[in-house]
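If you want the building blocks of each chain, they are given just below.
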Amino acid sequence: MRKASVTPVLTSNKMQVRILFFATLKDIVGARQMQLEVPAGATVGDVLTRLETSYPRIKDYRPVVLTAINEEYVDQRTAVQEGDEVAIFPPVSGGEVDSAPLMIRRPGELYQITHDSIDAQRISREMLRAEDGAICIFDGVVRNNSKGKRTLHLVYEAYDAMALKKLEEIGSFVRQAWDIGCIAMIHRLGHLDIGETSVAVIVTSAHRRAAFDACHYTIDKLKKVVPIWKKEFFEDGEVWIEGQ
């Protein structure tokens, strides 16, 4: 009996990934995003190496660059898959997105990324419960100087979807770690003038100690892990402010 022929299945040894750039790295590449073809089985480190051939200045950031796949932090040994969204950015400084605000709101929680002005006092009164005896508000504002130079204004940029997710993760942890009532984290993006609020953290609780401690932890954690950067504009130039 004649054997049935088998058509070999050809598999591609290449795959396409979407690369997102932020802050200084966006300036180096000259684009916010690009499609990149890499070998099957490539890691995030391999993606960086491929980019460095076209953009040698990225090598300067290799020791400190942060990376994420599909909005989750990963290290450079992590493998990428077909269609992944790979974000590459300098350490966060703890910021441009679509003009529509991104927000998660549920009873006792508010997380928002916005281009609109932030009114922390109004938000705190909206969130206050009858059983709360304390409101702790951190209101971060734009100052008129940095390292002895006169600041004209700031521009904040974010990896918006991931930033919102990280705000929610911080809030969920804080609500479990401290006996608080409500928590809100709002960060503004885009152009900010001197004296305007860039970030607000609001915590309510029955007693002051929990509100103080939770608010202190929240702003410190936000500055470390939420992918937001600021560019400072001076009379003689501009510079991205990056973390360590």
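This write-up is about the structure you can find in this document. (Residues numbered from 1 in each chain as written. Predicted model: local features only at pLDDT ≥ 70, side-chain atom pairs only at ≥ 80, totals over all residues. Heavy atoms only, no water.)

## Describing the pairing of strand β11 (residues 182-188)
Put simply, the test is: For every residue, the accessible area (1.4 Å probe, protein chains only) is compared with the maximum for its type, and the residue is labelled buried under 20%, exposed over 50%, or partly exposed between those bounds. Each helix is a run of DSSP H or I of at least 4 residues and each strand a run of E of at least 2, with the numbering of both proceeding from the N terminus. When DSSP finds at least two bridges between two strands, those strands are taken to pair.
Counted residue by residue, β11 has 7 buried out of 7 residues, so it is predominantly covered. Burial along β11 is two-sided: Cys182, Ala184, Ile186 and Arg188 facing one way and Ile183, Met185 and His187 facing the other are all buried. Note that strand β7 (residues 109-114) and β11 share 6 bridges and pair parallel. Its bridge partner being in β11, Ile113 is matched across the sheet by His187.

## Notes on helix α2 (residues 44-54)
We apply this condition: Working definition: the arc comes from the directions between the helix axis and the C-beta atoms, pointing outward to the latter.
Considered for burial, the residues of α2 that qualify are Val44, Gly45, Val47, Leu48, Leu51 and Glu52. Down the axis, α2 shows its buried residues gathered within 155° of arc, on one side only. Opposite the buried face of α2, by more than 90 degrees, sit the exposed residues Thr53 and Ser54.

## With respect to the nonpolar core
Put simply, the rule is: Among buried residues, the Ala, Val, Leu, Ile, Met, Phe, Trp, Tyr and Cys ones that are joined through side-chain atoms within 4.5 Å form a nonpolar core.
By size, the foremost hydrophobic cluster in this structure holds 31 residues, and its most contacted members are Met185, Val203, Leu222, Val226 and Ile228. Secondary structure elements with two or more residues in this core: β7, β8 (134-141), β10 (149-158), α4 (160-177), β11, β13 (197-205) and α5 (208-225). With 7 residues, the top contributor of residues to this core is α5.

## Details of the packing of α4 against α5
The following threshold applies: Here an angle of 0 to 180 degrees is reported between the N-to-C directions of two axes, which are lines fitted to C-alpha atoms, with helices fitted over the stretch in contact. An angle below 35 degrees is treated as roughly parallel, one above 145 as roughly antiparallel, one from 65 to 115 as roughly perpendicular, and anything else as oblique. A clockwise turn of the near helix away from the far one marks a right-handed crossing, whereas an anticlockwise turn of less than a right angle marks a left-handed crossing. A contact between two residues is defined here by any heavy atoms of the two lying within 4.5 Å. Ten residues, namely Ala, Val, Leu, Ile, Met, Phe, Trp, Tyr, Cys and Pro, are considered nonpolar, four, namely Asp, Glu, Lys and Arg, are considered charged, and the remaining ones, Gly among them, are considered polar.
Running from N to C, α4 and α5 point in directions that differ by 150°, and their axes come no closer than 10 Å. One way to sum up the angle between α4 and α5 is to call them roughly antiparallel. The handedness of the crossing between α4 and α5 comes out as right-handed. For the pair α4 and α5, contact is made by Lys166, Leu167, Ile170, Phe173 and Val174 and by Ala214, Tyr217, Thr218, Lys221, Leu222 and Val225, respectively. The residue inventory of the contact of α4 with α5, partitioned by class, reads 8 nonpolar, 1 polar and 2 charged.

## Brief notes about the side chain of Ser124
Assignment of secondary structure puts Ser124 in helix α3 (residues 120-127). In this view, Ser124 contacts Ile135, Ile137 and Ile202; residues no more than four positions away in its chain are not counted.

## Things to note about the pattern of salt bridges
Any two side chains of opposite charge can pair, on the condition that their charged atoms come close. Put simply, the rule is: Between Lys or Arg on one side and Asp or Glu on the other, a salt bridge is scored when a side-chain nitrogen of the former is within 4 Å of a carboxyl oxygen of the latter.
Tallied over the full model, the rule gives 22 salt bridges. Residue Asp27 pairs with Lys231 through a salt bridge whose shortest N-O separation is 3.6 Å. Judged by its relative accessible area of 11%, Lys231 is buried. Ionic pairing is found between Glu238 and Lys231, a salt bridge with its closest N-O pair at 3.2 Å. Where salt bridges share partners, they join Glu71, Glu72, Lys165, Lys166 and Glu169 into one cluster.

This is a description of form; function is not addressed.
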